[in-house]
Amino acid sequence: MAFVNLQNVTYQYPLTKTPALQNINLQINEGEFVAIVGPNGAGKSTLCYALAGFVPHFFKGEISGTIEVADKESSKSTLDEWVLNVGLAFQNPFNQISGAKYTVFEEIAFGLENIGVPREEMKSRVEDAMALTGIRDLADRSPYSLSGGQQQRVALTSILVMQPRLLVLDEPTSQMDPIGTREVFGTIRKMAEDGMTVVLVEHKMEWIAQFADRVVALKDGSVLLEGKPNEVLTSTLLAENGFGISRYTSTAREGKKQGLWKKENLPVTLDEAVEGFKHNA
Amino acid sequence: MHERLSFHIKRDSLIHRLNPLTKLALVLALVVVAFTAPWYWTPHILLLLAIIPLSMLGRVFPEFFKTATRLILPAATFLFLMQAFFQPIGEDVIFKFYFLDITQESLMFAFRNAMRVFVMVSTFTLFLLTTHPSELMSDLTRRGLPGQFAYVIISTLQILPQMQAKAQTIIAAQRSRGLDTESTFLKRAGSVLPLVGPLVFGSLVEVEERAIAIEARGFTSKHAKTSLHEIPDLASDKFIRWVLLALVILSIAANLWLS
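Residues numbered from 1 in each chain as written. Chains lettered and ligands numbered in written order. Predicted model: local features only at pLDDT ≥ 70, side-chain atom pairs only at ≥ 80, totals over all residues. Heavy atoms only, no water.

**Focus: the confidence of the model for chain A**
Do not read the predicted coordinates in detail wherever pLDDT is low.
Next up, step 1: Per-residue pLDDT for chain A averages 93, and the proportion of residues at 70 or more is 100%.
Next up, step 2: Confidence, expressed as mean pLDDT per element, reaches its minimum in chain A at helix H12 (residues 270-280) of chain A with 87 and its maximum at strand E8 (residues 197-201) of chain A with 97. (pLDDT = per-residue confidence, 0-100. Helix = DSSP H or I, 4+ residues; strand = E, 2+ residues; numbered from the N terminus.)

**A word on the layout of surface pockets**
A probe as big as a water molecule, rolled over the atoms, marks out the empty space that is left.
Next up, step 1: Approximately 670 Å³ is the volume found for the largest pocket.
Next up, step 2: Taken together, 27 residues line the largest pocket, and the ones lying closest to its centre are A:Glu106, B:His8, B:Lys10, B:His132 and B:Glu135.
Next up, step 3: Within the residue set of the lining of the largest pocket, elements represented by two or more residues are helix H1 (14-17) and helix H6 (133-142) of chain B.
Next up, step 4: If one sorts the elements of the lining of the largest pocket by residue count, H6(B) sits on top with three residues.
Next up, step 5: A breakdown of the residues in the lining of the largest pocket according to their chemical character gives six nonpolar, ten polar and eleven charged.
Next up, step 6: In this structure, the second largest pocket encloses a volume near 410 Å³.
Next up, step 7: Lining the second largest pocket are 21 residues, with A:Lys101, A:Glu113, B:Ser138, B:Thr141 and B:Lys225 sitting closest to its centre.
Next up, step 8: Every element with two or more residues in the lining of the second largest pocket is listed here: helix H4 (104-114) of chain A together with H6 and helix H7 (147-176) of chain B.
Next up, step 9: Among the elements that line the lining of the second largest pocket, the one with the most residues is H6(B), at five residues.
Next up, step 10: Of the residues that constitute the lining of the second largest pocket, the class distribution is eight nonpolar, eight polar and five charged. (1 Å grid on protein atoms, 1.4 Å probe; cavity = no way out; pocket = protein on both sides within 12 Å on 5 of 7 lines; lining within 4 Å. Points joined across faces, edges and corners; volume = space filled by probe spheres on them. Nonpolar A, V, L, I, M, F, W, Y, C, P; charged D, E, K, R; others polar.)

**Remarks on unusual backbone geometry**
Next up, step 1: Note that the residue after A:Val55, namely A:Pro56, is joined by a cis bond; omega there is 5°.
Next up, step 2: Positioned with a positive phi, A:Glu171 is a non-glycine residue whose angle comes to about 50°.
Next up, step 3: Examined against the element boundaries, A:Glu171 turns out to sit in the loop between strand E7 (166-170) and helix H7 (178-193).
Next up, step 4: At B:Arg59, a position not held by glycine, the phi torsion is positive, near 55°.
Next up, step 5: Relative to the helices and strands, B:Arg59 resides in the loop between helix H3 (42-57) and helix H4 (61-86).

**Description of the nonpolar core**
Next up, step 1: In terms of nonpolar packing, the biggest core is built from 70 residues, with A:Leu6, A:Phe54, A:Leu88, A:Leu166 and A:Leu233 touching the most fellow members.
Next up, step 2: Once residues lying within four places of it in the same chain are set aside, the contact partners of A:Leu88 are A:Cys48, A:Tyr49, A:Ala52, A:Phe54, A:Ile159, A:Val168, B:Ile212 and B:Ala216. (Core = buried A, V, L, I, M, F, W, Y, C linked by side-chain atoms within 4.5 Å. Buried < 20%, exposed > 50% of the residue type's maximum accessible area, 1.4 Å probe, protein only. Contact = heavy atoms within 4.5 Å.)

**Regarding the sheet that holds E8(A)**
Residue and element names in this part refer to chain A.
Next up, step 1: Taken in spatial order, the six strands of this open sheet run E6-E7-E8-E3-E9-E10, and their pairing is mixed. With partners counted over all chains shown, the strands left at the sheet margins are strand E6 (86-89) and strand E10 (222-227), one partner each. Looking at each pair of strands side by side, their axes are set apart by 20° on average, direction ignored. (Pairing = 2+ DSSP bridges. Axes fitted to C-alpha atoms, helices over the stretch in contact; angles between N-to-C directions.)

**Some words on the environment of A:Pro56**
All names here are of chain A.
Next up, step 1: For proline 56, the location among the structural elements is in helix H2 (residues 54-57).
Next up, step 2: A sequence separation of ten residues divides proline 56 from threonine 46, and the C-alpha atoms of the two residues are 9.9 Å apart.
Next up, step 3: Those residues in contact with proline 56 that sit more than four places away from it in its chain are Tyr11, Ile63 and Ser74.

**A closer look at the packing of aromatic side chains**
Next up, step 1: What the rule picks out here adds up to 16 aromatic pairs over all chains.
Next up, step 2: Ring geometry for A:Tyr49 versus A:Phe54: centroids 6.4 Å apart, planes at 70°, classification edge-to-face. For the pair shown, A:Tyr49 and A:Phe54 are each scored as buried.
Next up, step 3: Between B:Phe61 and B:Phe65, the ring centres sit 5.8 Å apart and the planes meet at 35°, which makes this aromatic pair tilted. (Phe/Tyr/Trp six-rings, centres within 6.5 Å; stacked < 30°, edge-to-face > 60°.)

**Points about the interface of chain A and chain B**
Next up, step 1: Contact with chain A, which involves 43 residues of that partner, is made by 36 residues of chain B.
Next up, step 2: Buried area between chain A and chain B, both sides added, is near 3600 Å², and the carbon and sulfur share of it is 57%.
Next up, step 3: The interface formed by chain A and chain B includes three salt bridges.
Next up, step 4: With a closest N to O distance of 2.9 Å, B:Arg217 and A:Glu107 form a salt bridge. (Buried area = accessible area lost by both parts, 1.4 Å probe. Salt bridge = Lys/Arg side-chain N within 4 Å of Asp/Glu carboxyl O.)

**Description of empty space enclosed by the protein**
Next up, step 1: Within the structure shown, the criterion is met by two cavities of 30 Å³ or more.
Next up, step 2: By volume, the largest cavity is sized at about 70 Å³.
Next up, step 3: B:Ile15, B:Lys23, B:Leu26, B:Val27, B:Leu30, B:Thr123, B:Leu126, B:Phe127 and B:Thr130 are the residues that line the largest cavity.
Next up, step 4: Its residues assigned to classes, the lining of the largest cavity comprises six nonpolar, two polar and one charged.
Next up, step 5: Lining the second largest cavity we find A:Leu88, A:Phe90, A:Gln96, A:Ala155, A:Ser158, A:Ile159, B:Ala213, B:Ala216 and B:Arg217.
Next up, step 6: For the lining of the second largest cavity, the secondary structure elements donating two or more residues are helix H6 (148-160) of chain A together with helix H9 (193-216) of chain B.
Next up, step 7: The dominant element in the lining of the second largest cavity, judged by the number of residues it contributes, is H6(A), at three residues.
Next up, step 8: A per-class count over the lining of the second largest cavity returns six nonpolar, two polar and one charged.

**Some remarks on H3(B)**
Residue and element names in this part refer to chain B.
Next up, step 1: In this model H3 runs 21 Å from its N-terminal to its C-terminal C-alpha over 16 residues, within 8% of the 22 Å that 1.5 Å per residue would give.
Next up, step 2: Helix geometry: H3 is bent most strongly at leucine 48, by close to 30°.
Next up, step 3: Considered for burial, the residues of H3 that qualify are Thr42, Pro43, His44, Leu46, Leu47, Ala50, Ile51, Leu54 and Ser55.
Next up, step 4: Buried residues in H3 make contact with H1, helix H2 (20-36), H4 and helix H5 (104-130).
Next up, step 5: Immediately downstream of H3, the backbone of arginine 59 shows phi near 55°, a positive value. (Expected span 1.5 Å × (residues − 1). Bend = angle between axes of the 7 residues up to and from the residue.)

**Some remarks on the domain arrangement of chain B**
Next up, step 1: Considered domain by domain, chain B is made up of domain 1 (14-131 + 232-258) and domain 2 (146-216).
Next up, step 2: For domain 1 of chain B versus domain 2 of chain B, the separation of C-alpha centres amounts to 36 Å. (Domains from an automatic or database assignment.)

Okay, structure coming up:
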């Protein structure tokens, strides 16, 4: 059976009239890197919260269907047990800083202190995690003195250090520069290859095409499309439903109308676009 | 912008190396003794022969002196004047100002009370200067203080300066849209309102996100917590705490005995 298994999940936040998630069915294998795309209000963050146990344990509200990760069912588990398997990092880095720690090193160790990891093991795990995300030089800085992009790296590291089996990331690179984004995506990709399952919400289509194994497109709380990145991201359905589209895809689509793009498939990344237009010449 | 709200000065000294609980015990003991010892000069002697030497031993005397005078002198002076004028004791009037008179007794009384307050605040200052707040909290947590309580204290210390900075940002943003913050008092008072909304509601939203973030890092885990830093608690620490306890008991006993 799949490592992550969502069956007919429908969820409604308290005091709202329409469900945020409607009849979601999703299976993800261990070590798979799945990207989630969708316009604002499509339910991407809610899906992240559902995977991480915060829906319904933290937000309450009405839920039906089953959410299973690593053969455990969310509704039969408690949040403090659930977070041992599933790590969550989200967009706003400032609010992810615990506020209880004075240095980045202590900040990253915070989660390990909470779950009772012995001191020596804690130190080496924090060192390793910081090396992985390239923030070793920040170890003694105050987390509040960092830039947004650096704080996002700290937030990501604080979750990675807990070694979750499923890593849920809700736009973890929104405040990073392109070089930082590439590095972080590379790190996440490597974690997935080492067996960590990754679910990532992201707007940067070019990155998804390069790094993800599969893409799930959400619209109004339901799954609109699902499949290989290049198939999903170049689908006309996405353009018609208000999704963000890679500029290379739009260019090639326009080129196709004008007879300038002769390949069957549309590109998502710059390299694919260059390749395709060369093919014509 | 302040990075954090803390008096702590990182230095290596005998006082810095004491266990935080020992230092806390020292503060409490000095305060209790200053208030309960029946001898008139106790607080003065404590200040001169205990607190000031301790601040030198802790290698923070300049900072201690600066903070202590700035923090306490105005309050202690005010207290002194109020008590000197309004304490209706004694016969021997030294000084008269309309209906207010100062007697020798009220002067002595006011001097001692001002000194007691001085001892209280200055020992606490010394404690804050030589103790890192997170060290104190992890030591107390290890001794059974609930983690949530420690978290509230530390995060408040850290988040207040952040909120201050955010208030500045909001004011700047409002001013750039024409909010008047520099004219008459009434207008300025009115201009506080548009600040309160974003600051308060923004903070409420933040609290929810922060709760999720720390929950995701096992904050409510039922495992026994561990601590990154080892905080030494030596035999000498325990000895000092016993001595302090004995002093407190003696002082209270003397107070009851002699009064």
